[in-house]
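# Inside the fold
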Amino acid sequence: MLAIRRESLSMHDPEILNSIRSLILSKPDATSLLAEVVSLLHRERPHYHWVGVYLLVGGELVLGPYVGKPTIHTRIPLHQGICGAAASTGQTLIVDDVNADPRYLACSLETRSEIVVPIQHQGRVLGEIDIDSDQPAAFTPHDRDLLEAVAALLAEKI
Ligand code: SME
């Protein structure tokens, strides 16, 4: 009952995207924009337990704003992790069971599934949105569509 009520109170995808469009206009710099966007996604989607953005800096993924438990993976080379695989291919990756994926770099023992969505501009990867869930197979094509739209908006600003 509580879950249904929470879902009905959550923003729908178009509202989330409109809020991000407003933030792009109002936030003075990329870091404050990204901080607001990760908080918004974390708040509006209860199955997003850890939400962060990595930026590609000097050929390495560097952790930017995030919401959730601190992680030891603050810098990830492109050949490591699910994050590295998504950034090096430019493709969204959904992993239904992180413990069954040999690429997975663990951040938290509770994490069961993960989605990583590259942020790209004119075919160049600038960074990525990384989201972990404590639920197995938490991410659907619906999440992919939303987060790819969010990534396209962020690519204009970072
Ligand atoms: N699990 C990621 C590392 C980042 S943490 O999830 C925050 C990976 O396998 O690349």
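Below: a short report on this structure.

Rules used in this analysis
- Residues numbered from 1 in each chain as written.
- Predicted model: local features only at pLDDT ≥ 70, side-chain atom pairs only at ≥ 80, totals over all residues.
- Heavy atoms only, no water.
- Pairing = 2+ DSSP bridges.
- Helix = DSSP H or I, 4+ residues; strand = E, 2+ residues; numbered from the N terminus.
- Axes fitted to C-alpha atoms, helices over the stretch in contact; angles between N-to-C directions.
- Contact = heavy atoms within 4.5 Å.
- Near = heavy atom within 4 Å.
- Polar contact = N/O pair within 3.5 Å; in protein donor to acceptor, adjacent residues only side chain to side chain.
- Areas by Shrake-Rupley, 256 points an atom, 1.4 Å probe, with all protein chains shown as cover.
- Core = buried A, V, L, I, M, F, W, Y, C linked by side-chain atoms within 4.5 Å.
- Buried < 20%, exposed > 50% of the residue type's maximum accessible area, 1.4 Å probe, protein only.
- 1 Å grid on protein atoms, 1.4 Å probe; cavity = no way out; pocket = protein on both sides within 12 Å on 5 of 7 lines; lining within 4 Å.
- Points joined across faces, edges and corners; volume = space filled by probe spheres on them.

So, about the sheet that holds strand S5 (residues 113-121). Pairing in this open sheet of six strands is antiparallel, and the strands run S3-S2-S1-S6-S5-S4 from one edge to the other. Looking at the sheet topology across the chains shown, the edges are occupied by strand S3 (75-77) and strand S4 (93-95). Averaged over all pairs of adjacent strands, the angle between their axes in this sheet comes to 25°, without regard to strand direction. In the sheet, strand S2 (residues 60-67) pairs with S3 via three bridges, with the strands oriented antiparallel. By the bridge assignment, Val62 is partnered in S3 with Arg75. Across the sheet, helix H5 (residues 141-155) is in contact with S4, S5 and strand S6 (124-133); its angle to S5 comes to roughly 35°.

This part covers the site of the ligand. Around the ligand, a shell composed of 13 residues is seen, among which Ile82, Cys83, Leu105, Cys107 and Glu114 lie nearest. Between a nitrogen atom of the ligand and a main-chain N or O atom of Leu105, the distance comes to 2.8 Å. One of the side-chain nitrogen or oxygen atoms of Glu114 is found 2.9 Å away from a nitrogen atom of the ligand. Relative to its free-state accessible area of 300 Å², the ligand is covered by the protein chains to the extent of 100%.

This part takes up the nonpolar core. With 29 residues, the main nonpolar core has Ile20, Val150 and Leu154 as its most contacted residues. If near-sequence neighbours (up to four positions away) are discounted, Val150 is found in contact with Leu17, Ile20, Val37, Leu41 and Ile129. Listed in part, the 16 residues of the second largest apolar core include Tyr54, Leu63, Ala87 and Val98.

Attention now goes to the pairing of strand S1 (residues 50-57). For a regular strand, side chains alternate in direction, first toward one face of the sheet and then toward the other. Pairing analysis gives six bridges linking S1 to S6, with the strands arranged antiparallel. Bridging from a neighbouring strand, Val53 pairs with Ile129 of S6. What sits between the antiparallel neighbours S1 and S2 is a turn of two residues, in which Gly58 has the positive phi angle 55°.

What follows covers empty space enclosed by the protein. Enumeration over the complete set of coordinates arrives at one cavity of 30 Å³ or more. Considering only enclosed or pocket space, the largest cavity measures out at about 80 Å³ in volume. Around the largest cavity, the lining residues are Tyr54, His73, Ile76, Gly81, Ile82, Cys83, Tyr104, Leu105, Cys107, Glu114, Asp130 and Asp132. Within the residue set of the lining of the largest cavity, elements represented by two or more residues are helix H4 (81-89) and S6. Broken down by element, the lining of the largest cavity gets its largest block of residues, three residues, from H4.

So far we have only geometry, and geometry alone does not tell us how the molecule works.
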